[in-house]
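Here's the letter readout for the chains.
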Amino acid sequence: MKVHLVDGTYELFRCFHGAPQAQHGEHEVGGARGLLATLVKLLTTEGATHVGVAFDSVVAPTLPRHPSAEDLLASQTPLAAQCCRALGLVMWPSGRYQADEVVATAAARMAEEPTVEQVVICATDNDFNQLVRGDRVVVYDRARQVVTDEATVRARFGVAPDQLPDVHALVGDRSDGLPGVPGWGVRSTAVVLARYGTIEAIPDDASQWDVDVRGSARLATALAERRQEAVWCRDLARLRTDLPLRVSADDLEWRGAERPAMEALCATLGDDAALARVTRWAGT
């Protein structure tokens, strides 16, 4: 079987910003409409059979008098969760964890199941690339229809996927607020990590390096000064794969959407187009 794991928080964000805002009654529903449409597409056009969706939160905040775009997005998280439930999909609120950690844990666990042919992480967050394993665990950018496997990661970064947190700690990652170590670029980092494996294993003294890197003395000095900071950043960049998630791949089998729940949801969203696109109903 092939398992699809969806970062629902990101999907809702993408749908909210990628489609026109829409109101039904007094509520903003454009993002939720888009999420429902894209999940139906995943189940029908893309043929997903085993799906899990994770969210950072499914609780809507109290909207201020003049809500920002971020407020309007966050207000749709309960509707996003309702979309998953109505479609009959397994949905994980992350609670005190984060959605990407839930996805990472599920991916690592299900990749070990002998009945699972491939785990497909549906997201564009580069942090997920550290989870890639051969073509057994891949990251799929559904918007661009681009699949990232291990060969892609190695070609782009020059290291194995599980070394990417070390890369980001040395080079820096603006999206995650990682400052990097001065002077370290993608090429020098790839060469050094390909030889030594981890930040801790890189010698303090450049004279002990047995790889040819321009400016090695300067790089070694900078790393020696910030090694503990770099290790800390590396550990922060690693996605946890050990959350207490009690689920197997078989639990994610899609058995059809719940018609009454879907009809109620579509009434709430003011758009019943998804009803005609659902190809399987629970109990039929």
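Calculation rules
- Residues numbered from 1 in each chain as written.
- Predicted model: local features only at pLDDT ≥ 70, side-chain atom pairs only at ≥ 80, totals over all residues.
- Heavy atoms only, no water.
- Helix = DSSP H or I, 4+ residues; strand = E, 2+ residues; numbered from the N terminus.
- Contact = heavy atoms within 4.5 Å.
- Core = buried A, V, L, I, M, F, W, Y, C linked by side-chain atoms within 4.5 Å.
- Buried < 20%, exposed > 50% of the residue type's maximum accessible area, 1.4 Å probe, protein only.
- Phe/Tyr/Trp six-rings, centres within 6.5 Å; stacked < 30°, edge-to-face > 60°.
- Salt bridge = Lys/Arg side-chain N within 4 Å of Asp/Glu carboxyl O.

**Q** Help me understand the environment of E229 in this model?
**A** Considering the arrangement of structural elements, one finds E229 in helix α9 (residues 216-237). Residues contacting E229, with those up to four places away along its chain left out, are P179 and G180.

**Q** Can you help me understand the nonpolar core in this one?
**A** Across soluble globular proteins, nonpolar side chains show a tendency to be buried alongside one another. The biggest cluster of nonpolar side chains holds 41 residues, and the ones touching the most others in it are L36, V51, L87, L89, M262 and L265. Contributions of two or more residues to this core are made by α1 (8-18), α2 (30-43), β4 (50-55), α3 (69-74), α4 (77-87), β6 (118-122), β7 (137-141) and α10 (259-269).

**Q** It is not clear to me how the packing of aromatic side chains should be interpreted in this structure. Could you clarify?
**A** Within a pair of aromatic rings, the relevant descriptors are the distance that separates the centres and the angle that separates the planes. Going through the model one piece at a time under the given rule, you end up with one aromatic pair. When the centroid spacing of 6.0 Å and the interplanar angle of 55 degrees are considered together, the rings of W184 and W209 count as tilted. In this pair, W184 sits in the loop between α7 (164-171) and α8 (186-196) while W209 sits in the loop between α8 and α9, placing the two residues 25 residues apart along the sequence. Like W184, the residue W209 is buried in the burial classification.

**Q** Explain the pattern of salt bridges here, please?
**A** Opposite charge on two side chains lets them pair, provided their charged atoms get close. Enumeration over the complete set of coordinates arrives at 13 salt bridges. The partner of R238 in a salt bridge is D235, with the nearest N and O atoms 3.6 Å apart. Take R238: its relative accessible area is 40%, and that puts it in the partly exposed class. In the salt-bridge network here, residues are joined through shared partners; they are D166, E200, R234, D235 and R238.

Everything listed here is a matter of geometry and, on its own, says nothing about what the molecule does.
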